[in-house]
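# Examination of the molecular architecture
Each chain, written out:
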Amino acid sequence: MPAMELNRLMSDVLEKAYDPQSVEPDMLAAWEASKAFQAQPDDRTPDKRFVVMIPLPNVTGTLHLGHAINNTLQDIVTRRRRMMGCNSLYQPGTDHAGIATQAVVERRIFSEEKKTRHDIGRQELVRRIWEWKDQYEKTILGQLKRMGCSCDWDRVRFTLDDRYSDSVHETFFRWFQAGLIYRGERLVNWDTELRTAVSDDEVYHETVKGHFWHFKYRLKDPPAGGPTHLGFATTRPETMLGDVALAVNPTDERYKALVGRSALVPLFDPPREIPIVADEWADPEKGTGCVKITPAHDPNDYAVGIRHGLPMINIMTPDRCVSESGGKYSGMKFADARKAIVADMEALELLDSVEDLDVQLPHSDRSKSAIEPYLSPQWFVRMGDIPDGVTLGDKTKTPGLAQAAMDAVNDGRVRITPERYKKTYVDWLSEKRDWCISRQLWWGHRIPVWSTAAGDAPAAEQIASEITAALGTDTRFELRNEETPKGERVVTVCLAREDESAVSTLESAGFAQDPDVLDTWFSSQLWPYATLGWPEKTPDLDFYYPGSVLITSRDIITLWVARMVLSGLYNIGKVPFRDVYIHPKILDGRGETMSKSKGNGVDPLDVIAMYGTDAMRYALTDMTTETQDVRMPVEYRCPHCAAVTKQTAQNMQAKTVPCKGCKKKFATRWADEATVAEHGRAQIASEKFEIGRNFCNKLWNAARFAFMNIEGVRCDTLDVASLPTEDQWILAKLSETIRRVHEDLDRYRFSASIKRLRDFFWEALCDWYIELTKARMSGGERSAEAKQVLAFCMDQILRLLHPCIPFVTERLWGQLNTVAPQRGLPGLADPAMNDLLITAEFPPRAGWSALENETIVATFETLQSVTRAVRELRQRNNAPPKESVTVTIRASAEQIAALRDQGSIVQRLANVGELHIAMDATRPPNSGTVVLDGLQVFVHDIADDAVEGKRLETEMSEIEKQIAAKENKLANDGFVRNAKPEVVQAERERLATLNERRATLQSSLALLR
RNA sequence: GGGCGGUUAGCUCAGUUGGCUAGAGCGCCUGCUUUACACGCAGGAAGUCGCAGGUUCGAGUCCUGUACUGCCCA
């Protein structure tokens, strides 16, 4: 086919600008058809396996850019390893996210139907949540697919699916059996709206305007001549119903005589008599120095209560009313009880004063309502050390679960990058706080425990032996016969499997299942192996566990990462992954984290629609530096006039925003369908994604250019050393780039890796190599070699960029295979050809060592600086670009040969006609002058001697300043003695070069004077 | 209150074990329809490296203090 014809054809095939929307769907289809994402165990050895477990997104809503960065990075590492020949699994799935999901669905039901979960019942609520889950899971998986994530979609798992439940039950059962799970009464964070305990991690504090009431209690037997009352202050008068003591500091002289006596809580009839105790908690500096103690409703008081063996009176019902312990206030809402109590105290003349106070109140992250500390029975996992120790899955002993997880990181079995997050992990675990795993919710894994009240001890024995017999030996169960803190006998049975006959046996014997569900993290901690079939010994589990790297954001290092490690060690005996990489958080333009509630979240699909997936992935990769928290300012692009309007605190959550340009309103992602239909929806605009889009377009066009030229390229055996300098140079740069990119990615330096690739591709390949070889390409001398080198470079750069920008590279790869099916440098670099890029070989770790050549790189750099010098002189002196100029170069002995040999490079790139090179060249009159290391460049007849002379004088004084500084440094004895010899040597050489420069410049100036 | 970051060009960020004249992208200025790309090419201007001390022959880099800022934990 004639070249002209082919050029026409090619430009038909590849549009002038890259259009992601027309390319991406086809690439997704090609990957799917190739089954490249699918992972199956085979005969590859462990070092040729690669496993990434997705940090499972919650089915509470759709994904935002935070998820996009997370999954982009995971996809990059997975695609790279796949191309490096690893059997690679990227495990997808979603999390049922207990409280979060139930709260979202309950809120929606309430806003639409004005019904609570108690109105619709457990079964119906769970059904509704499943519906919600189906919808959001579909959206989330769709988003991930659209982002190009190469997950094995046949393996999608959900933390509440049937097989997953088996893993959860098995874990609960084993831990229960081993005594690692126990039931206890604890003060928990009670969400009175959701009526459940929430973990400390789900609580935040908010400042609320409140009051500080100063009360006093009458003393029962006041000391003679002493006070008759004892004053204290509280922000929560209603909790006085639960007061069991007053505390004073043991060092507080004022109250020494009162310790051991009693005070009277007057709200009861007869008044409740409470002791006055001495405890450090009372701060003599604050208020009266005396505090009331309500152990069942305040964490600090709880600690005091434990220390002094005080009773704990629970005065609250689950829905925040006063319980039966509240005497005449029973049944009142807390708010009403507060008013009544204040009034009653005032009537008794026991209220001294009231002041305004800002109070830090705990709130639930889930329901946004106030948290009540609440004493209630809960299930716990023992995290601390246990007297007999704990036996892990590999039969080794550890003092306790938390210690096992700490050890894994401390001894390097799990490496955390960046390393500073090791501290977060270890510090948290070292508290060894027991983990409250029960939640009073309906959405989640039911706790697999059945129990019955048993009256006295002999009756309990009777029930225990009967049920043991009834369950038989086929059922795996664990029975406990215990006394509760309140002195009741309870028989408890934990089942390893929720099989129907065992359940009906238990229930017909009067046992009832625990109404609570498990904390979401209890199930998600099993993710690295529950997804592979554990507890069954499946081939998947055998092959893909332990995994390779966990990539996540820093906020779940403790909640999730630490627990995966400890459960992996306990259940299996091996850590679940070798590496943990913590990536930056994406912040909005004002530096705030993106979240749904703030309204600053950005839907990746919006970005993709505007810029394409690769542009988004490029931008996110570029932002992934060691510095955490990267700003991502986002603007609205008006659907009417395309003007951009900045996202601000005011318009961030608005459904419609007025355009800065045309003043018309447009709809945002928060708008309903009708509003969108009426006003049109704004697209998301951001400079960051433009950079990515521009890069993809550049790649597209460079490829277009290459394809037009490399048709019919040969795959000859070449002698590198005899190739033109630019060929040797670009090949050397390529090999170095390959090596460095591997280093970067091995160390999770994502931003550095993409910057390096950008530099090689854009600057070296496009701006220098392609520009330099245009004449050779279109049939000049040594055309075949140029084509072969270009084809090879395109081949390699597409492979290198594929993990980050998979779509455009795959599309171009297909085209490259058509145009130049055979590429490579036989004997020097022989990459294997492959139909699809996704499964093609990644360039080797060591680069292509036969191509590396430091001397050529140095020579070429000299040529580059001469070229830049001529260009600068042309521009500075307004020489028309099309007119060629005459150039004289004065060169040192070392450089003259290379320059004479390669001067044509400068001629081609800077439009130089005549080129003179000599060691003793002098400055021609009226020439523009640039002084470089070891050489001086003169562009003839473009400058004025007077002007140029002044400029050179300035440059001279600049050089002299530098020389003075260097001489000073080298004259410094300390420097010469202490600095590394190579550093001193380098400084000497530098000074020599500067002196040479001065001499050269001097000679030019002499001619001008 | 404790812990961990950040503060470098107008903006967003790099800057390896301390060692040449501190870099990039965007923006800005100048020129350019040049054999793919104006989402482009060539050139240029622009930084007291938050502040104050200290260690060192030498500090953007290490140490101490301090200011501002963000996150996590209590």
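Residues numbered from 1 in each chain as written. Chains lettered and ligands numbered in written order. Predicted model: local features only at pLDDT ≥ 70, side-chain atom pairs only at ≥ 80, totals over all residues. Heavy atoms only, no water.

### Some remarks on empty space enclosed by the protein
What the rule picks out here adds up to 3 cavities of 30 Å³ or more. In this model, the largest cavity occupies a volume close to 100 Å³. Along its surface, the largest cavity is lined by 14 residues, and D606, Y636, T668, R669 and I684 are the ones closest to its centre. Looking at the second largest cavity, its volume works out to about 70 Å³. Taken together, I76, T621, V741, L745, F750, S753, I754, L757, L800, P803 and C804 make up the full set of residues lining the second largest cavity. Breaking the lining of the second largest cavity down by element, the ones donating at least two residues are helix 22 (725-746) and helix 23 (750-777). Ranked by residue count, the leading element in the lining of the second largest cavity is helix 23, at 4 residues. In terms of residue class, the lining of the second largest cavity is built from 9 nonpolar, 2 polar and no charged. (1 Å grid on protein atoms, 1.4 Å probe; cavity = no way out; pocket = protein on both sides within 12 Å on 5 of 7 lines; lining within 4 Å. Points joined across faces, edges and corners; volume = space filled by probe spheres on them. Helix = DSSP H or I, 4+ residues; strand = E, 2+ residues; numbered from the N terminus. Nonpolar A, V, L, I, M, F, W, Y, C, P; charged D, E, K, R; others polar.)

### Quick look at the layout of surface pockets
Volume-wise, the second largest pocket comes out at about 1,400 Å³. Taken together, 44 residues line the second largest pocket, and the ones lying closest to its centre are T234, T235, R236, D298 and V359. Those elements that provide at least two residues to the lining of the second largest pocket are strand 7 (203-219), strand 8 (229-234), strand 12 (290-293), helix 8 (299-308), helix 9 (334-347), strand 13 (351-364) and strand 14 (371-381). Ranked by residues supplied to the lining of the second largest pocket, first place goes to strand 7 with 9 residues. Of the residues that constitute the lining of the second largest pocket, the class distribution is 18 nonpolar, 15 polar and 11 charged.

### Some thoughts on the protein's contact with RNA strand B
Taken together, 44 residues form the shell around RNA strand B, and within it T625, T627, R704, W762 and R990 come nearest. Backbone atoms, meaning sugar plus phosphate, form 62% of the atoms of RNA strand B positioned within 4 Å of the protein. Taking K698, its side chain carries an N or O atom lying 2.9 Å from a base oxygen of RNA strand B. Among the elements of the structure, helix 21 (687-709), helix 23, helix 26 (854-876), helix 28 (945-971), helix 29 (973-978) and helix 30 (981-1008) are those that each provide at least two residues to the surface near RNA strand B. (Near = heavy atom within 4 Å. Polar contact = N/O pair within 3.5 Å; in protein donor to acceptor, adjacent residues only side chain to side chain.)

### Quick look at the packing of helix 21 against helix 23
To describe two helices that pack against each other, one gives the angle between their axes and the distance between the axes. Between helix 21 and helix 23, the shortest axis-to-axis distance is 11 Å and the interhelical angle comes to 25°. Taken together, the axis directions place helix 21 and helix 23 in an arrangement best described as roughly parallel. Here the hand of the crossing between helix 21 and helix 23 comes out left-handed. Of the residues in helix 23, those in contact with I691, N694, F695, K698, L699, A702, F705 and N709 of helix 21 are R758, F761, W762, C766, D767, I770, K774 and M777. Classifying every residue of the contact of helix 21 with helix 23 by side-chain character gives 10 nonpolar, 2 polar and 4 charged. (Axes fitted to C-alpha atoms, helices over the stretch in contact; angles between N-to-C directions. Parallel < 35°, antiparallel > 145°, perpendicular 65-115°, else oblique. Left-handed = near helix turned anticlockwise from the far one by under 90°. Contact = heavy atoms within 4.5 Å.)

### With respect to the sheet that holds strand 33 (residues 683-685)
The 3 strands lie next to each other as 30-29-33, forming an open sheet whose pairing is antiparallel. Each edge of the open sheet is held by one strand with a lone partner, namely strand 30 (644-646) and strand 33. Going across the sheet, the axis of each strand differs from the next one's by a mean of 35°, ignoring polarity. Of the strand pairs in this sheet, strand 29 (residues 635-637) and strand 33 are connected by 3 bridges, and their pairing is antiparallel. Counterpart to Y636 in the pairing with strand 33 is I684. Helix 18 (residues 604-611) rests against strand 29 and strand 33 of the sheet, and its axis sits at about 80° to strand 33. (Pairing = 2+ DSSP bridges.)

### Some details on unusual backbone geometry
Cis geometry is found at the peptide bond from T417 to P418, where omega equals -10°. Relative to the helices and strands, P418 resides in the loop between strand 17 (415-417) and helix 11 (421-430). The backbone phi angle of K114 is positive, close to 55°, even though this residue is not glycine. Turning to its location among the elements, K114 is positioned in the loop between helix 4 (98-113) and helix 5 (117-120). Positive phi, normally seen in glycine, also occurs at D941, with a value near 55°. Here D941 lies in the loop between strand 37 (935-939) and helix 28. Classification of D941 by relative accessible area gives exposed; the value is 62%. (Buried < 20%, exposed > 50% of the residue type's maximum accessible area, 1.4 Å probe, protein only.)

### Some points on the packing of aromatic side chains
The tally for this structure, following the rule as stated, stands at 33 aromatic pairs. Residues W31 and F807 carry aromatic rings whose centres are separated by 4.9 Å and whose planes lie at 50° to one another, so their mutual orientation is tilted. Remark: F807 occurs in helix 25 (residues 806-819) and W31 occurs in helix 2 (residues 20-34); sequence separation between them is 776 residues. Given the relative accessible area of 0%, W31 is considered buried. Of the aromatic side chains, those joined through ring pairs into one cluster are F172, W175, F176, W379, W435, F522 and Y570. Lying over the aromatic face of W435, R563 brings its terminal NZ or CZ to 4.0 Å of the ring centre. (Phe/Tyr/Trp six-rings, centres within 6.5 Å; stacked < 30°, edge-to-face > 60°. Lys NZ or Arg CZ within 6 Å of the ring centre and 35° of its normal.)

### Remarks on the environment of I942
Position of I942 among the secondary structure elements: in the loop between strand 37 and helix 28. Looking at I942, the relative accessible area reads 18%, which means it is buried.

### Looking at the pattern of salt bridges
Per the counting criterion, the structure on display carries 63 salt bridges. The partner of E948 in a salt bridge is R951, and the shortest N-O contact between them spans 3.1 Å. Of the two residues, E948 and R951 both sit in helix 28, 3 residues apart, roughly one turn of that helix. On the accessibility criterion, E948 (2% relative accessible area) is buried. Among the residues examined, R951 registers a relative accessible area of 23% and is labelled partly exposed. Of the charged contacts, one joins D973 and R977 as a salt bridge, the two residues approaching to 2.6 Å between their closest N and O atoms. Note that D973 and R977 are positioned in helix 29 at a spacing of 4 residues, about one turn of the helix. Salt bridges here are not isolated pairs; linked through shared partners, they connect E113, E124, R127, R128 and E131. (Salt bridge = Lys/Arg side-chain N within 4 Å of Asp/Glu carboxyl O.)

### Points about the nonpolar core
If you look at the biggest cluster of nonpolar residues, it comprises 209 residues, and the most contacted ones within it are L65, F172, W175, Y425, F522 and I730. Not counting the four nearest positions on each side in its chain, W175 is found in contact with L180, I181, V381, L401, W435, F522, Q525, L566, S567, Y570 and N571. Counting residues in hydrophobic clusters, the runner-up holds 47 residues, among them W213, Y255, A263 and I276. (Core = buried A, V, L, I, M, F, W, Y, C linked by side-chain atoms within 4.5 Å.)

### Quick notes on the confidence of the model for chain A
With 97% of its residues at a pLDDT of at least 70, chain A reaches an overall mean of 87. Confidence drops under pLDDT 50 across residues 1-12; counting only partners more than four residues distant or on other chains, this segment forms 12 contacts. Complex prediction metrics read pTM 0.88 and ipTM 0.95. (pLDDT = per-residue confidence, 0-100.)

### Considerations on the sheet that holds strand 22 (residues 489-495)
Across the sheet, 4 strands lie side by side as 21-22-20-23; this open sheet has antiparallel pairing. In this open sheet, the two strands that pair with only one neighbour each are strand 21 (477-483) and strand 23 (512-513). Of the pairings in the sheet, the one linking strand 21 to strand 22 comprises 7 bridges and is antiparallel in character. Looking across to strand 22, one finds that L479 is bridged to V493. Sheet strands touched by helix 13 (residues 500-508): strand 20 (449-453) and strand 22. Its angle to strand 22, the strand with the most contacts, is close to 170°.

### Here we look at helix 10 (residues 401-410)
Most of helix 10 sits out of view: 8 of its 10 residues are buried. Along helix 10, the residues that are buried comprise L401, A402, Q403, A404, A405, M406, A408 and V409. Just beyond helix 10, the residue with positive phi is G412, at close to 85°.

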